[in-house]
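# Structural characterization, general
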Amino acid sequence: MLRAGNAVACLACRSLLSPRMGLRVGVPIQKLHPLSRAIHHRYTNANSQRTPHRTAARHFTSLSRLPPRSYKYRYGGQGGHGYQQHRTFWAVRLASRLLKLRYLLLGSAVGGGYTAKKTYEEWKDMLPDLSEYQWVVPDFVWELTEQIDLEKLARALPDAEELAKLMPDLEKFGENFTFLKGLLSTETPGESALKAPEAPVAAATAASTAASPDNDKQYKKPSDKEKIDQLQEDLLRTQLKYQRMLERLEKENKELRKVVLQKDDKGIHQRKVKKSLIDLYSEVLDILSDYDSNYNTQDHLPRVVVVGDQSAGKTSVLEMIAQARIFPRGSGEMMTRSPVKVTLSEGPHHVAMFKDSGREFDLTKEEDLAALRHEIELRMRKSVKDGQTVSTETISLSVKGPGIQRMVLVDLPGVISTVTAGMAADTKETIFSISRAYMQNPNAIILCIQDGSVDAERSIVTDLVSQMDPQGKRTIFVLTKVDLAEKNLSSPSRIQQIVEGKLFPMKALGYFAVVTGKGSAGESIDSIKDYEEDFFQGSRLLRDGMLKAHQVTTKNLSLAVSDCFWKMVRESVEQQADAFKASRFNLETEWKNNYPRLRELDRNELFEKAKNEILDEVISLSQVTPKHWESILQKKLWERVSTHVIENIYLPAAQTMDSGTFNTTVDIKLKQWTDKQLPHKALEVISSEVAWETLQEEFARFMAEYKGKDQDDIFDKLKEAVKDESIKRHKWNERAMDSLRVIQHNALEDRSITDKPQWDAAIQFMEETLQSRLKDTESVIHDMVGPDWKERWMHWTNRTGDQHIRNETKNELERLLKLQEDHTAYLANDEVTTVRKNLESRGVDVDPVLIKDTWHQLYRRHFLQKALAHCNLCRRGFYYYQRHFVDSELECNDIVLFWRIQRMLVITGNTLRQQLTNTEVRRLEKNVKEVLEDFGEDTEKKTQLITGRRVQLAEDLKKVREIQEKLEAFIEALHKEK
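In this text the structure is predicted, and so the values were computed from the model without any measurement.

Take the overall build of the chain next. Along the chain, the regular secondary structure elements total 36 helices and 9 strands. Each of the 978 residues in the chain was classed as buried or not, and the buried ones make up 43%. In the chain, the share of contacts with a sequence separation of at least 24, taken over all contacts with a separation of at least 6, comes to 78%. Roughly 53,200 Å² of accessible area belongs to the chain as shown, and the carbon and sulfur atoms make up 51% of that amount.

Next up on the list: the pairing of strand S3 (residues 351-354). With 2 bridges connecting them, S3 and strand S4 (residues 361-362) associate as antiparallel partners. Bridged to Ala-352 within S4 is Phe-361. Count of turn residues in the S3/S4 antiparallel hairpin: 6 residues.

A word on helix H15 (residues 427-439). Given a rise of 1.5 Å per residue, 13 residues ought to cover 18 Å, and the 18 Å separating the end C-alpha atoms of H15 matches this to within 8%. Those residues of H15 lying buried are Thr-427, Thr-430, Ile-431, Phe-432, Ile-434, Ser-435, Tyr-438 and Met-439.

A separate point is a negative patch on the surface. Together, Glu-393, Glu-930, Glu-933, Glu-937, Asp-938 and Glu-940 make up a negatively charged patch on the protein surface. The exposure class of Glu-937 is exposed, given its relative accessible area of 70%.

Here we come to the state of the cysteines. Taken as a whole and judged by the stated rule, the model has 1 disulfide. Each disulfide pairs two cysteine sulfurs, and for Cys-874 the partner residue is Cys-892, the sulfurs being separated by 2.0 Å. On the sign convention where negative means left-handed, the S-S torsion of about -100° between Cys-874 and Cys-892 marks this disulfide as left-handed. Placement of the pair is Cys-874 in the loop between helix H32 (848-873) and helix H33 (878-883) and Cys-892 in the loop between H33 and helix H34 (893-937), with a sequence separation of 18 residues. In this structure, Cys-874 and Cys-892 share a single accessibility class: buried. Note on Cys-871: no disulfide assigned, nearest cysteine sulfur contributed by Cys-874 at a separation of 6.6 Å. Assessed through its relative accessible area of 0%, Cys-871 is described here as buried.

Across the 6 residues that make up strand S8 (residues 475-480), a large majority, 6, are buried. In the sheet, S8 pairs with strand S9 (residues 510-513) via 4 bridges, with the strands oriented parallel. When the bridges of S9 are listed, Val-478 appears paired with Phe-512.

With that out of the way, let us pick up the packing of aromatic side chains. Following the criterion strictly, the structure yields 15 aromatic pairs and no others. Residues Phe-477 and Tyr-511 carry aromatic rings whose centres are separated by 5.9 Å and whose planes lie at 50° to one another, so their mutual orientation is tilted. Of this pair, Phe-477 sits in strand S8 while Tyr-511 sits in strand S9, and the two are 34 residues apart along the sequence. One exposure class covers both Phe-477 and Tyr-511, and it is buried. Taking the centre distance of 5.0 Å and the plane angle of 65° together, the rings of Phe-535 and Phe-536 count as edge-to-face. Given a relative accessible area of 3%, Phe-536 falls into the buried group.

With that out of the way, let us pick up the packing of helix H22 (residues 603-622) against helix H36 (residues 949-977). Contact geometry for H22 and H36: axes closest at 9 Å, N-to-C directions at 125°. Viewed along their axes, H22 and H36 adopt a mutual orientation that is oblique. Taken together, the residues of H36 that come into contact with H22 (itself represented by Arg-603, Asn-604 and Leu-606) are Arg-950, Val-951, Gln-952 and Glu-955. Of the residues belonging to the contact of H22 with H36, the class tally is 2 nonpolar, 2 polar and 3 charged.

So, about the environment of Val-785. Along the polypeptide, Val-785 turns up in helix H28 (residues 756-785). The sequence separation of Val-785 and Asp-802 amounts to 17 residues, and the corresponding C-alpha distance is 8.0 Å. Residues within four places of Val-785 in sequence aside, it is in contact with Arg-799, Gln-803, Arg-806, Asn-807 and Lys-810.

Looking now at the sheet that holds strand S7 (residues 445-451). The strand order S4-S3-S5-S2-S6-S1-S7-S8-S9 describes an open sheet built from 9 strands, whose pairing is mixed. Each having just a single partner strand, S4 and S9 make up the two edges of the open sheet. Relative to strand S6 (residues 407-411), strand S2 (residues 340-345) is paired through 5 bridges, and the arrangement is antiparallel. When the sheet's bridge partners are listed, Leu-344 is paired in S6 with Met-407. Each of S2, strand S5 (395-400) and S6 touches helix H12 (residues 277-289); the most contacted strand, S2, lies at about 165° to it.

Moving on to unusual backbone geometry. Even without a glycine there, the phi angle at Gln-323 is positive, about 65°. Note on Gln-323: relative accessible area 23%, which makes it partly exposed. The backbone of Thr-553 sits at a positive phi, close to 75°, despite the residue not being glycine. Within the secondary structure, Thr-553 sits in the loop between helix H20 (540-543) and helix H21 (554-594).

Turning to H34, a few remarks are in order. The terminal C-alpha atoms of H34, which comprises 45 residues, lie 63 Å apart, in line with the 66 Å expected from a rise of 1.5 Å per residue. At Leu-916, H34 shows its maximal kink, close to 45°.

Attention now goes to the confidence of the model for the chain. With 69% of its residues at a pLDDT of 70 or more, the chain shows a mean pLDDT of 75. Per-residue pLDDT stays below 50 along residues 46-85; that stretch engages in 47 contacts with residues further than four places along the chain or on separate chains.

Turning our eyes to something else, we now look at the nonpolar core. With 93 residues, the main nonpolar core has Tyr-650, Trp-673, Trp-759, Ile-895 and Ile-901 as its most contacted residues. Element by element, the count of residues in this core is highest for H34, at 16 residues. Discounting chain neighbours no more than four positions away, the residues touching Trp-759 are Ile-753, Cys-874, Arg-875, Gly-877, Phe-878, Tyr-881, Cys-892, Ile-895 and Val-896. Val-340, Val-514, Cys-564 and Phe-970 belong to the second largest nonpolar core, which has 67 residues in total.

What counts as what
- Residues numbered from 1 in each chain as written.
- Predicted model: local features only at pLDDT ≥ 70, side-chain atom pairs only at ≥ 80, totals over all residues.
- Heavy atoms only, no water.
- Helix = DSSP H or I, 4+ residues; strand = E, 2+ residues; numbered from the N terminus.
- Buried < 20%, exposed > 50% of the residue type's maximum accessible area, 1.4 Å probe, protein only.
- Contact = heavy atoms within 4.5 Å.
- Areas by Shrake-Rupley, 256 points an atom, 1.4 Å probe, with all protein chains shown as cover.
- Pairing = 2+ DSSP bridges.
- Expected span 1.5 Å × (residues − 1).
- Patch = residues over 30% accessible without salt bridge, like charges linked within 9 Å, V, L, I, M, F, W, Y side chains within 5 Å.
- Salt bridge = Lys/Arg side-chain N within 4 Å of Asp/Glu carboxyl O.
- Lys, Arg positive; Asp, Glu negative; His and termini not counted.
- Charge placed at Lys NZ, Arg CZ, Asp CG, Glu CD.
- Disulfide = S-S within 2.5 Å.
- Phe/Tyr/Trp six-rings, centres within 6.5 Å; stacked < 30°, edge-to-face > 60°.
- Axes fitted to C-alpha atoms, helices over the stretch in contact; angles between N-to-C directions.
- Parallel < 35°, antiparallel > 145°, perpendicular 65-115°, else oblique.
- Nonpolar A, V, L, I, M, F, W, Y, C, P; charged D, E, K, R; others polar.
- Bend = angle between axes of the 7 residues up to and from the residue.
- pLDDT = per-residue confidence, 0-100.
- Core = buried A, V, L, I, M, F, W, Y, C linked by side-chain atoms within 4.5 Å.

Here is the structure:
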């Protein structure tokens, strides 16, 4: 214990001694420990007999020649000489060994303290906020950790300046301390990769020169070049060593974070996990991508925009950052046809998911990767409109996984110089406009990708980037395919010029060189990363100092881009939130002034409201009473067949003036009608058309009636489109027509009127029909002969010449009918001649055709008037009809005909009504629902059918509110993370 105490005391006196073991200026010798005092005397005597060079070279071994320690120093009194020499010998040996180890102990303590502090600061930034996971760990653990003040512990560790003061002059000890010197002079991995450190070549040269004594003739003095090479190799070796250590620690951290996130993912105690910071930010960008503001509120939120020439390696760089082969690939073919927004974040599992889909793609499985690539390719081709090659529509994708850097990247189509066959003529201009639109955002980080394997003069994208960011304040330059470049270029210094920003006119915030492939599309990301690290470890570019260690590998690139991204986000997000807050105020003011009593319904909400109204209208259609259906069907059916029945069946048969001929003619005509000898006039075909038209008209009537019930006219176009599309999709069931034809034929064959009400109903039906025909005939005659004397006197109108001739002809033919009331329907030729001569005698020249036409209308009126009079007589004829009495005056065969027609209409209307209510209305309702569902999924359709300033204002107001709220939530989470 006493010997150990003396050694420690001597070590403590080290600060009072000079490097040559001499006493420092102003220090009295009495303050030294006795052992240190003896070392000083011994060292002073030895120096007086040796040259300075020999003393400096052998100061390690001089401790063994110390004079024997006096016994009185140990025991405070006199003692034997042998015992004193023996005790002094062990004390000197112990002191010698302790002094030999002092530098190793001191260096280890200093280096360990410095490394502990820097490692603590690095891992403090990298570890997640575990405050959300307190529920996983028992309470007493958190109480214990809260008692440990980590900040205080960190402050207690020495910083770099203090360590420099404590360190001895390590340059005096040569090659044994190269490791420790490299540790202190090398930039730590946690520092920003964008800041290029000064190469410690000059300092290392000076240190090497100082460490080599000029007077030592037994050592050959190395040249400056050898010193520099040796120091560079030591520095590179140290950097690679600690890079491997850092990777090992990061891998362990990745596994630990994965375990924590997996526990959280299982949902212990059903606790809901908050959204990550990058997910909140990505949601804001997704909303902004669809936002079209009329208030000049532009989207200036940061994102990383990846631009480059076609086949420069943009997609490969993104895949290395995302750590998965997620994009479709092609040899020289344009694969990126639309912008792809990729949100990178950390998660327990390596998965990908589209914004508008709930499916997760497991990126550790090759089949899921292939399915993801196929889905991205399909979405790109779907977004491209007919005749175009590229699209402005953004595909939103999120990728999560352990250890992935958080950021938002947008992959743009590659810039081309020539439009090839198969491309649209404006493809080149469209790609340039898309790239400019994304890069003109003053807060967008431009990741400019340049192919290192081709001549730099062939690049197009560098000029475009220079135009958008001339100062290079937000541009990061990436040189890809460096392995091919080093192999093919005769002068590797050209790569150094590119990475130093001396070859291109563009400026950049940082320059990087990466290798993103081995020449095979099937290589995995891990194998490419290993290949990249192996390449740069053996590359002369790094060994000769042309490239700095922080400028290579996609890993360093991703760290740098992530740091720059979050720095830009923190600097600009609050300003953007204020801009959207002002825009929201303007929109709300306009709404209150123009639509004070209306709710702020956007297009989707308005569509849902219109959808409910339309479905209510369809339900109302199913609630129509059977009587109403049958009445409408009978009326419409008679309107369609009445002309054929009167002109082709009734009049030809009735004008024969013979009951037997009448019945025979009627039976023949009816059978022709029902047997489809005239397909376009077949009864069942007409019935089908009538039923279908009735359904459409009733559906349209219900749709129109709802317009007057305080309904907004904003739905008119939508309802009309739904009605037309539903009717277009509806197919009438033709199978029911076969049974309908049999029913109609049987109804027309029946001649038995069973009771007086049916007889009276048939007479009423016949009178209504004949009166309608008589009214139409009189209207035709009036148009032929012109106004009568009352109209001429009251309305001051005159007849035309043709009307005058027809009026004279009418008067002459009426006299003929008065003389022969039972005249047939046709004029004989001699009668036509007589009428013509009579008119000529009065100075009226008449054509025979005109006489016949006029006769036809006059006789038709005369016949209808007689038929109506006959109907009146037949009211009392049911008694004779029932008992089959024959009375020439009361032969009511025409009443029976109209009863047969009426019965056929009733039965047909009833059958069609059953088909409508039981089948067709339900099928139409189903079609309406399908149309509404299709329209609901078609955003363009809703935009076309629901229009107006009110809709657009509500849409903008909703989106601005949502953006502002999400931005505020993101800012709050961002402040908490700080």
